[in-house]
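Here are the chains, one letter per residue:
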Amino acid sequence: MPTASYDFGLIGLGVMGRNFILNVANNGFTTFGQDLDVQKVSALLEEGGNLQKVNASTDIKTFVQALSKPRKIMLLVPAGKIVDTVIENLIPLLDKDDIIIDSGNSFFTDTDRREGYLAEKGIHFFGAGVSGGAKGARLGPSIMPGGNKEAYQHVKPIFEAVAAKYNREPCVAYLGPKSAGNYVKMVHNGIEYGLMQLTSEMYDLLKSGGDFTNNELHSTFSKWNKGRLQSFLVQITADIFAQDDDLGEGKLVDKILDKAKQKGTGKWTSQNAMDLGIPTPSIDIAVSMREISALKNERIQAEKLYQQPNVTILPKEKLEELAEQALYFSFIITYAQGLHQLVVASKEYGYALKIAEIAKIWRAGCIIRAGLLADISDAFATDKELPNLLLSPAFVEKVQGTVSATRELVAYGAENGIPLPGLSNSLTYFDAYTSSRLPLNLIQAQRDYFGSHTYERLDREGVFHTEWEK
Ligand code: 6PG
């Protein structure tokens, strides 16, 4: 029986779990893993190489007893019921002040429920989203923890040691109480969906509208990644175009079925934005496009029924230049929407989020890391009450300078039958958000006409109703 001396415990030794625990061990902490799968336990022990630093067991009791108090137990198990099952198994074995950290993509209301339930038993529960995939988990992820602030002090040294670093600053920070961490990770994923959709639209635009080959796409995205579009997603997109197909001729990207799957976090972001009354159309459309992509058979049938316009091929250089600007514009708009949602959710759910801090911990390690986030963080640090990035003076020039290219491409896409819904939704959001007058006075009139729903007036206070039918 190992002595109760291990600093950190982790349940769920799948790819993410194994990589995360090895990261913790590499940073000088002693670690103990647990998984019901013997092979996963053996794989960790083999890779860990030293039982004093990395130990593991299939037995939950052995695992709990091996940890020093207060115990710090991270769960990297699939979100949903299994988290509750693991919690129930742990409860009888834990002591007051022990800490459970759920690092899966759990729905934030589940985290609130679990936090309340465990608080009654004197156990601290954290929702701490981890972003960066398997490699990030091993070498430095971005970590988004929320929960009890005092209890966080026990976890802080470990998280700060293992997190990605940006200019030596760790990409982790205490974000707020209860489900604050899960919520921020959910919106991170919503933004992730939006940025991925936009990069895929640029791919379509360059390929269909400019006859770009995969090699040319590789060069274009590589070049973009050296400029203001520098980001993890642009970088991996460049790599993807260079990947040969090991099972056949040509590049792998051309052989991949065009049906995108999803686990739900992007959809949750959109759904919750609707609940909060916050517009996030660049994220919503990214979810819808994954849904449309899934209708492959119907799309094949429909293509045969309707004529597609002939595409006018544009000069490569011009298209590349316009696309760079439009991608920059729409990336900004997508971050703006996600962060706007965080501003409002923070008030609604009492998270007291610091948006500048969140943008800071997204600068490295996570999937949506991008050069742009340093500017975004500065904008929210300068004005702590900033409701929307588009209202930051520092962003006016960046947006103003790239909107006309976006207009040109949205029009070009529409004329040539190249669907650019992420781009056009971003543009429409911008046009609407920056309009002091919208035609929704008419909607108010219609509502009042058919349902006596009343309306307000521009020229005087009060609530009015008109008998419209004479
Ligand atoms: C991350 C990712 C990750 C997410 C995948 C898949 O930050 O590392 O957001 O948490 O699970 O990106 O998400 P979908 O299956 O929904 O595309």
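The structure contained in this document is the topic of the report that follows. Residue positions are given per chain, counting from 1 as you read along its sequence in written order. In view of the model being predicted, local features appear only for residues whose pLDDT reaches at least 70, and side-chain atom pairs are presented and counted only at 80 or more, with totals across whole chains, interfaces and linings using the full set of residues. To get the side-chain values, take all heavy atoms of the structure and skip hydrogens and water.

When we say a residue is near a molecule or strand, we mean one of its heavy atoms is within 4 Å of it. Around the ligand, 14 residues are found, and the nearest of them are Ser131, Lys185, Glu192, Tyr193 and Arg290. Interatomic distance of 3.4 Å between a backbone N/O atom of Gly133 and an oxygen atom of the ligand. In the complex, 79% of the free accessible area of the ligand, which totals 420 Å², lies under the protein chains. Sorting elements by how many residues they give to the shell around the ligand places helix H8 (residues 180-210) first, with 5 residues. Charged means Asp, Glu, Lys or Arg here, nonpolar means Ala, Val, Leu, Ile, Met, Phe, Trp, Tyr, Cys or Pro, and polar covers whatever is left, Gly included. Partitioning the shell around the ligand into residue classes produces 2 nonpolar, 8 polar and 4 charged. Pairs of N or O atoms are called polar contacts if they sit within 3.5 Å, as long as, within protein, a hydrogen donor faces a hydrogen acceptor (for residues adjacent in sequence, only side-chain-to-side-chain pairs). For every accessible area listed, the method is Shrake-Rupley and the probe measures 1.4 Å; residues are considered covered only by the protein chains on display. Secondary structure elements are taken from DSSP: a helix is a run of H or I of four residues or more, a strand is a run of E of two residues or more, and numbering for both begins at the N terminus.

Right, let's get into the packing of helix H1 (residues 15-26) against helix H7 (residues 149-162). Here the axes come from fitting lines to C-alpha atoms, over the contacting stretch only for helices, and the angles between their N-to-C directions go from 0 to 180 degrees. Taken N-terminus to C-terminus, the directions of H1 and H7 make an angle of 100 degrees; their axes are 9 Å apart at the nearest point. With respect to their mutual orientation, H1 and H7 come out roughly perpendicular. Taking contact as the criterion, the partners of Phe20, Asn23 and Val24 in H1 are, on H7, Ile158, Phe159 and Val162. Here the residues of the contact of H1 with H7 sort into 5 nonpolar, 1 polar and no charged. Oblique is the label for any angle not covered by the other classes, which are roughly parallel (under 35 degrees), roughly antiparallel (over 145) and roughly perpendicular (65 to 115). When checking whether two residues touch, look at their non-hydrogen atoms; a contact exists if any pair is within 4.5 Å.

Turning our eyes to something else, we now look at helix H9 (residues 214-225). For an α-helix the count is 3.6 residues per turn, leaving residues at separations of three or four pointing the same way. Here a helix's expected span is defined as the number of its residues, less one, multiplied by 1.5 Å. An ideal rise of 1.5 Å per residue puts 16 Å on 12 residues; H9 measures up with 16 Å between its terminal C-alpha atoms. In this scheme, a residue with accessible area under 20% of its type's maximum is buried, one over 50% is exposed, and one in between is partly exposed, where area comes from a 1.4 Å probe on protein chains only. For H9, the set of buried residues is Asn214, Leu217, Thr220, Phe221, Ser222, Trp224 and Asn225. Contacts from the buried residues of H9 go to H8, helix H10 (232-242) and helix H14 (316-349).

Trans is the prevailing form of peptide bonds, just as negative phi is the prevailing case for residues other than glycine. In the segment running from Lys69 into Pro70, the intervening peptide bond is cis, with an omega of -10 degrees. Secondary-structure assignment places Pro70 in the loop between helix H3 (60-65) and strand E4 (72-75). For Arg168, which is not a glycine, the phi torsion comes out positive at approximately 70 degrees. Considering the arrangement of structural elements, one finds Arg168 in the loop between strand E8 (165-166) and strand E9 (169-170). Even without glycine at this site, Lys178 takes up a positive phi of about 50 degrees. Along the chain, the position of Lys178 falls in the loop between E9 and H8.

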